[in-house]
Every structure is written in C-alpha cells, then in structure tokens.
Amino acid sequence: MPLSFESVNFGNIAFGFFNIKIDLLLLEQHFFFASDFCNCISKLAKIDNVQSFNFVINGYFIPYEKIGDLMGAIHKIRYSGFIGEVYKIFPFPDDLKNFKQDPEGFKNREVVENLIKNFGVKEDIKIILLNSSGYTHIAEYEFTKESFFELLNYVWLGGMPRWKGGRRPDYVLKMKEDILNSKNEFFKGIGFFNG
C-alpha cells in the first residue's frame, strides 16, 4: 500500500507499491519499477563524493483521473483506471494472511507495461542527489535526506504488507549492500534497514 511521505515542496505525498503481485511504485502521478529505482540507488551509492549526481530512470506519467480507485479495486467494488485494470488481473487476496508483497513481482513487468501504456505516457524521471544540501529530487518532488531514507526503507521492508516470507528481490538486497558499503557521504549514517 502506498503511504504518505513528507516532501519539502509539496507537503505530504503518496509513495509506494499498490499491488502485491507487481513491483511498480507510484509517486503521486509518476510510476516506475522498484527494480529500476533500486538499481539507480545502487549506482548512486557507488559514486564517491560529488556535489550533485543526476540519474534518469524510465517511468510513466498518468493523469490523476486515469489512475483509478485503489480502495474500490481492493474491495472489488470498482475497477476504474489503470489501478482497476491491474486489480482485474491481480486481485486483492481473499485471505488477509496472503497480503504480502511478492518478491517475484518483477516477473509481471511485461503485463504491467502492456496495461500502463493505455493510461499514461512514457517519461524520463530524474533523480537528483545533492550532496551539499542533502536534498534529493525525484521528478518534481524534493525530499530531505531523512525523508528520502524513509522512501528507501519502505522499499527495503516491502511496503506496508512487508515482503512475502521475509524474502526480498535480489535488486533490493543489492541496494542495501551498496548503500552500506558506500563511501559517499550522502549515505553516511543511514542506519535503518530494519525488519
């Protein structure tokens, strides 16, 4: 489930997984795959101290009116927009004990990409890390270092339901390893990766 995170310039915004069978993340109207996001963070962690670092990941932009009704889809009462189409294929589990983020959700990427192109447009999502200020930008959203670390921890944990069986995808494990081994001052004192 997406959660509310604090941005510097837009207040509280939604970020996170929205279906347990896929590894697509949403950041308000921007959608990108967790594997691409984690691989980007791994690359950032391997760069020694620079004043700023810019990276681009592929994603999609969907207007709010085409995103759909997450709660309606979860409760199987309204399948609107992109989210509704995703839930028609990957419905919310009947038994809540099965509500866990699937570490193999990346295998459904092709299905998701075929759906999302009917609702959104491809976009390059910029991720900018500023070592001097400690701020990070993802698309138009700006985060303090602490808030950005909360986003990373969310992905590490597997969102609100957590990873199924405590098993994480390899790209998440690699992100953690690269961050913990990083010589980049930006990641100094990150100290979370709990659970």
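One numbering rule holds for all chains: residues counted from 1, following each sequence as written. Since the coordinates come from a predicted model, pLDDT governs what is reported: local features require at least 70, and pairs of side-chain atoms require 80 or more to be given and counted, while whole-chain, interface and lining totals use all residues. Based on all heavy atoms of the structure, the side-chain values leave hydrogens and waters out of the count.

1. Section: unusual backbone geometry
Here comes step 1: You will see that A139, though not glycine, has its phi angle at about 55°, which is positive.
Here comes step 2: Given the relative accessible area of 25%, A139 is considered partly exposed.
Here comes step 3: Even without glycine at this site, R162 takes up a positive phi of about 75°.
Here comes step 4: Helix and strand assignments come from DSSP, with helices taken as H or I runs of at least 4 residues and strands as E runs of at least 2, each series counted from the N terminus. Its location among the elements puts R162 in the loop between α6 (145–157) and α7 (170–180). Buried means the residue's accessible area, taken with a 1.4 Å probe over protein chains only, is under 20% of the maximum for its type, while exposed means over 50%, and partly exposed covers the values in between.

2. A closer look at the sheet that holds strand β4 (residues 30–33)
Here comes step 1: Note on pairing: DSSP must find at least two bridges between two strands before they are called paired. Across the sheet, eight strands lie side by side as β1-β2-β3-β4-β5-β6-β7-β8; this open sheet has antiparallel pairing. Edge positions in the open sheet fall to β1 (3–7) and β8 (141–143), since each of these has one partner strand only. The average angle at which neighbouring strand axes cross in this sheet is 30°, direction not considered.
Here comes step 2: Sheet topology note: the β4/strand β5 (residues 52–61) ladder contains two bridges and is antiparallel. Across the sheet, F31 pairs through a bridge with Y60, a residue of β5.
Here comes step 3: The sheet strands contacting helix α1 (residues 34–45) are β2 (11–17), β3 (24–27), β4, β5, β6 (121–130) and β7 (136–138), and the helix crosses β5 at an angle near 175°.
Here comes step 4: Strands β3, β4 and β5 of the sheet are contacted by helix α5 (residues 109–116), whose axis makes an angle of about 160° with β4. What counts as an axis is a line fitted to C-alpha atoms, over the stretch in contact for a helix, and the angles between N-to-C directions run from 0 to 180 degrees. Whether two residues touch is decided by their heavy atoms; if any such pair falls within 4.5 Å, the residues are in contact.

3. Thoughts on the environment of L130
Here comes step 1: Within the fold, L130 resides in strand β6.
Here comes step 2: When its relative accessible area of 23% is taken as the criterion, L130 is described as partly exposed.
Here comes step 3: If near-sequence neighbours (up to four positions away) are discounted, L130 is found in contact with Q51, S52, Y135, H137 and F186.

4. Examining the packing of aromatic side chains
One pair of aromatic rings is described through two measures. These are the centre distance and the angle between the planes.
Here comes step 1: Side-chain rings of Phe, Tyr and Trp, where Trp is taken by its six-membered ring, are said to pair if the distance between their centres is within 6.5 Å; with planes under 30 degrees apart they count as stacked, over 60 as edge-to-face, and otherwise as tilted. Applying the stated criterion to the full structure yields 19 aromatic pairs.
Here comes step 2: Between F186 and F187, the ring centres sit 5.2 Å apart and the planes meet at 80°, which makes this aromatic pair edge-to-face. As far as burial versus exposure is concerned, F186 and F187 are alike and both buried.
Here comes step 3: In this analysis the charged atom, NZ for Lys or CZ for Arg, is taken to sit over a ring once it is within 6 Å of the ring centre and within 35 degrees of the ring normal. Sitting over the ring of W156, R168 keeps its end group 3.7 Å from the ring centre.

5. A few points about helix α4 (residues 81–89)
Here comes step 1: For α4, the full list of buried residues reads G81, F82, I83, G84, V86 and Y87.
Here comes step 2: Next to the buried residues of α4 lie β3, β4, α2 (64–67), α3 (70–74) and α5.

6. Some details on the state of the cysteines
Here comes step 1: Cysteine sulfur atoms that come within 2.5 Å of each other are treated as a disulfide pair. In this structure the tally under the stated criterion is zero disulfides.
Here comes step 2: With no disulfide of its own, C40 lies 9.6 Å from the sulfur of C38, the closest cysteine sulfur.
Here comes step 3: Of the residues examined, C40 reaches a relative accessible area of 0% and is grouped as buried.

7. Brief notes about the pairing of β2
Here comes step 1: Summarising the sheet, β1 and β2 pair through five bridges and their orientation is antiparallel. Directly across from F5, in β2, lies its bridge partner I13.
Here comes step 2: Between β1 and β2, which pair antiparallel one after the other, the connecting turn spans three residues.
Here comes step 3: Hairpin connection between β2 and β3: a loop of six residues separates the two successive antiparallel strands.

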